[in-house]
Amino acid sequence: MAKRTAMITGCSSGIGEATAARLAKGGWTVYATARKPETLEGLAAAGCRTLALDVTREDSMADAVGKVIAEAGAIDALVNNAGYSQSGAVETLDLDDVRRQFETNVFGLLRMCQLVLPHMRERRCGRIVNISSMGGRLVFPGGGAYHATKFAVEALSDAMRFEVAGFGVRVILIEPGLITTNFDNAAIASMDPDEKGPYGAFNAQVAKATKEVYSGPMKRLGGGPDAVAKVIEKSLDAKRPKIRYTVTPSASLSIASRRLLGARGWDAAMGQQFPRPGSLRPGR
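Figured I'd write up the structure that's included with this text. This one's a predicted model, so the numbers in the text were calculated from it and none came from an experiment.

A few words now on the environment of S132. Take S132: it is sitting in the loop between β5 (126-131) and α5 (144-164). Through-space distance from the C-alpha of S132 to that of V228 is 11 Å; in sequence the pair is 96 residues apart. When sequence neighbours within four positions are dropped, the list of residues in contact with S132 reads K150, V153, E154, L173, I174, E175 and P176. A polar side-chain atom of S132 sits 2.7 Å from a polar atom in the side chain of E154.

Printed below as a string of structure tokens:
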């Protein structure tokens, strides 16, 4: 059987790196990409082909897709993994920072799909795996911008799944929960630790809670990047893949809790964990 070719974004670390290594070990021809190609030396040593790819730049995306098709002759799977988090009360967010996050998490993902779909439609086969999050199905206080990007990924994927199925292309959503990478550091770094305004105490508690989730007892409900990589591999090998795959107990439990509690119940539960801005104490 001919080798299948996968193109993966955001492979400098975490889920992207683990997925590229796993697929290469499983016999795929893997094009591992990142904004800084020097971060991909380990994957090159593991048998991956590496490319520079900045999902916020049209020329970079178009060039990378063109190179993969020219060299490999096909893209059997696109894994849209590039993305990052930022935290803070919505009123305190810098709009330029929010725009940058949407460029990476949403518009870059959408454009990569647009670039590979003509090729996949012509071949009448292919799989697009979009890395969403349990955060595409629920919202934690202080994470509005990040959650908004993942809700958008869910919506785009649901629409595309219907629109391209008749051309033989499958669109799959992966919804990780707590994954022990440096993801939390990026989210916390976006916040001003010395903020003294009306959201100062709230943002400080969001930063504290985020750090505790990734380093405290809740960590046991999470998993490492390879837990997600295994599920991605499974979704690519399945004859009839699921529409959504949740990864880690934290994702399954959180999504189920949000569904059962409803909006008001979820707000009440969040009020036990975070101080309400403008209130004297948590939960008021």
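Moving on: empty space enclosed by the protein. By the definition in use, this model includes one cavity of 30 Å³ or more. In terms of lining, the largest cavity is formed by T9, V55, N80, A82, T104, N105, G108 and L109. Here the lining of the largest cavity takes four residues from helix α4 (residues 95-123), the largest share from any one element. Counted by class, the lining of the largest cavity contains three nonpolar, five polar and no charged residues.

Turning our attention to the pattern of salt bridges. Across all of its chains, the model carries 13 salt bridges by this definition. The closest approach of N and O atoms between E58 and R111, which form a salt bridge, is 2.8 Å. Placement of E58 in helix α3 (residues 58-72) and of R111 in helix α4 is noted, with a sequence separation of 53 residues between them. Of the residues examined, R111 reaches a relative accessible area of 25% and is grouped as partly exposed. A salt bridge links D76 to R123, with the nearest nitrogen and oxygen atoms 3.2 Å apart. Taken together, the positions of D76 in the loop between α3 and β4 (77-80) and R123 in helix α4 put the pair 47 residues apart, joining distant regions of the chain. Through salt bridges with shared partners, one network takes in R137, E154, D158, R161, E175 and R244.

Basis of the calculations
- Residues numbered from 1 in each chain as written.
- Predicted model: local features only at pLDDT ≥ 70, side-chain atom pairs only at ≥ 80, totals over all residues.
- Heavy atoms only, no water.
- Helix = DSSP H or I, 4+ residues; strand = E, 2+ residues; numbered from the N terminus.
- Contact = heavy atoms within 4.5 Å.
- Polar contact = N/O pair within 3.5 Å; in protein donor to acceptor, adjacent residues only side chain to side chain.
- 1 Å grid on protein atoms, 1.4 Å probe; cavity = no way out; pocket = protein on both sides within 12 Å on 5 of 7 lines; lining within 4 Å.
- Points joined across faces, edges and corners; volume = space filled by probe spheres on them.
- Nonpolar A, V, L, I, M, F, W, Y, C, P; charged D, E, K, R; others polar.
- Salt bridge = Lys/Arg side-chain N within 4 Å of Asp/Glu carboxyl O.
- Buried < 20%, exposed > 50% of the residue type's maximum accessible area, 1.4 Å probe, protein only.

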